[in-house]
Each structure stands twice: as structure tokens, then as C-alpha cells.
Amino acid sequence: MVNAEDAFYYKVLLSCGIYDGYDEWLNWYLENEEPLSDIVLNLSFCGSDNNETIRYLHNYCLEYGFDEKNVCEKLRLFLKESYYSNKMSKEEVLSNMYLFANNVEETIFELDMNVWGDMFYMEYYYSLALEIKNFQEQLDSAFFKYLNDGTCIVSDSTFFSTK
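Small disclaimer: the values here were computed from a predicted structure and weren't measured. (Residues numbered from 1 in each chain as written. Predicted model: local features only at pLDDT ≥ 70, side-chain atom pairs only at ≥ 80, totals over all residues. Heavy atoms only, no water.)

Novice: What is the right way to read the side chain of E33 from this model?
Specialist: Here E33 shows up in the loop between α2 (22-32) and α3 (38-46). Buried charge E33 goes without a salt bridge, the closest partner of opposite sign being K74 at 15 Å. At 2.7 Å, the side chain of E33 forms a polar contact with the backbone nitrogen of S37. Residues within four places of E33 in sequence aside, it is in contact with M1, V2, W28 and V40. (Helix = DSSP H or I, 4+ residues; strand = E, 2+ residues; numbered from the N terminus. Buried < 20%, exposed > 50% of the residue type's maximum accessible area, 1.4 Å probe, protein only. Lys, Arg positive; Asp, Glu negative; His and termini not counted. Salt bridge = Lys/Arg side-chain N within 4 Å of Asp/Glu carboxyl O. Polar contact = N/O pair within 3.5 Å; in protein donor to acceptor, adjacent residues only side chain to side chain. Contact = heavy atoms within 4.5 Å.)

Structure representation (C-alpha cells):
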């Protein structure tokens, strides 16, 4: 059976125009699932129709539910790998963090800020860093703490200090 967290992870990536790993993921199920589930069959018939693929993944995840924290962690690790392999710049990672969180919010209508807050606000923090003296160092520290090990900064009141 298709893991709903993986399905939602790929739904978010595809919705943001990122196709990394999706074909390999689907092919694994096509080769290893016996018998093929309805979701795998439907996805295999979508071919290159990205909107149809997203629709099937979206409906599957809403039907079976998913662990938001698990999905967020998968997305963070994807961004970490993308950054350190030079596939994305820091600015692209920041932008994608917001896009990912926004996509999740469009799906479930309300973000759990304990899970998605860092992704949702990090780009905003970056824009503040461009305007506030000495804030860039704090942002870099927070960015790398979150990217590297998932350390939450949203609830860290010292992060907003502008001393």
C-alpha cells in the first residue's frame, strides 16, 4: 500500500514544479506492489499529466490521512540535500520553504505552526534580514539550524532579538 506521507510529499513537490524522485517512487510501486493498488494504477495512467497526478495524490492523502510532521521532515531533508548538492541556492531554498508550507495550507486549510511555522516564515525572516542591521547573522544561524537538523526557530524568542 502506498505510504500516504510519501504521496503527500510528492504531491507538494509536484505542485511546486519539482519532479525529483517521483518517477522512481512510482516505478518502485509498479514493480513491487502485488496486486497493484488503485492509486498506483491511476498514477501510472496519468503519464505526463501533472495536474491529474496531483489530483490523484491529493485525493488519496485526504482519504487516508497523513502525518504532517513526517511530511515536513521529508521536505526539509529534500531541501537540505538540494542546498548542499548545489541544486538550490539559499534564496531558492527559502522560497521553496514558503511554497511548500503554502501548498500544504491550501490542502488542509490550516497549518499547524508547530510543524510548518519555520518553513512558512523563513522567507519573511530573510526579507527582514535585508532591512535590519545585524539580523543577517541571526537568520543564517537559524536557517542552518533548521535546514541541518530541524531545530525550530519560530518558538525561539531570542531569534527576534535585534541587538
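Next comes the rest of the description.
Novice: Would you mind showing me how to read the packing of aromatic side chains here?
Specialist: Two aromatic rings, taken as a pair, are described by how far apart their centres are and by the angle between their planes. Counted by the stated rule, this structure contains 14 aromatic pairs. Their ring planes at 80 degrees and their centres at 6.5 Å tell us that Y9 and F78 sit as a pair that is edge-to-face. One end of the pair, Y9, is in helix α1 (residues 4-15); the other, F78, is in helix α5 (residues 68-84), and 69 residues separate them in sequence. Here Y9 matches F78 in class, with each residue buried. Geometrically, the ring pair formed by W28 and Y29 is edge-to-face, given 5.0 Å between the ring centres and 85 degrees between the ring planes. Members of the aromatic cluster, joined through ring pairs, are Y9, Y10, Y22, W25, W28, Y29 and F78. Positioned over the ring face of Y56 is R55, at 4.7 Å from the centre of the ring. In this structure, K90 packs its charged tip against the face of F143, placed 5.9 Å from the ring centre. (Phe/Tyr/Trp six-rings, centres within 6.5 Å; stacked < 30°, edge-to-face > 60°. Lys NZ or Arg CZ within 6 Å of the ring centre and 35° of its normal.)

Novice: Looking at this structure, how should I read the nonpolar core?
Specialist: Soluble globular proteins: nonpolar side chains tend toward being buried together. Grouped together as the largest cluster of nonpolar side chains are 52 residues, with contacts concentrated most on W25, F100 and M119. Of all the secondary structure elements, the ones that give two or more residues to this core are α1, α2, α3, α4 (50-64), α5, α6 (90-108), α7 (113-131) and α8 (135-149). Considering every element that reaches this core, the biggest residue donor is α7, with nine residues. Those residues in contact with M119 that lie beyond four places of it in its chain are C72, L75, R76, L79, M97, Y98, F100, A101 and Y146. (Core = buried A, V, L, I, M, F, W, Y, C linked by side-chain atoms within 4.5 Å.)

Novice: It is not clear to me how unusual backbone geometry should be interpreted in this structure. Could you clarify?
Specialist: Across residues other than glycine, the phi torsion is negative in most instances, and most of the peptide bonds are trans. For the bond running from E34 to P35, omega is -10 degrees, close enough to zero to count as cis. With respect to the helices and strands, the residue P35 is situated in the loop between α2 and α3. Positive phi values are uncommon outside glycine, yet N86 reaches one of about 60 degrees. Structurally, the position occupied by N86 is in the loop between α5 and α6.

Novice: Before we go on, may I ask you to explain the confidence of the model for the protein chain in this structure?
Specialist: Reading fine detail from the predicted coordinates is not recommended where pLDDT is low. Of all residues in the protein chain, 89% have pLDDT values of 70 or greater, and the mean over the chain is 86. The secondary structure element of the protein chain with the lowest average pLDDT is α7, at 78, and the one with the highest is α2, at 96. (pLDDT = per-residue confidence, 0-100.)

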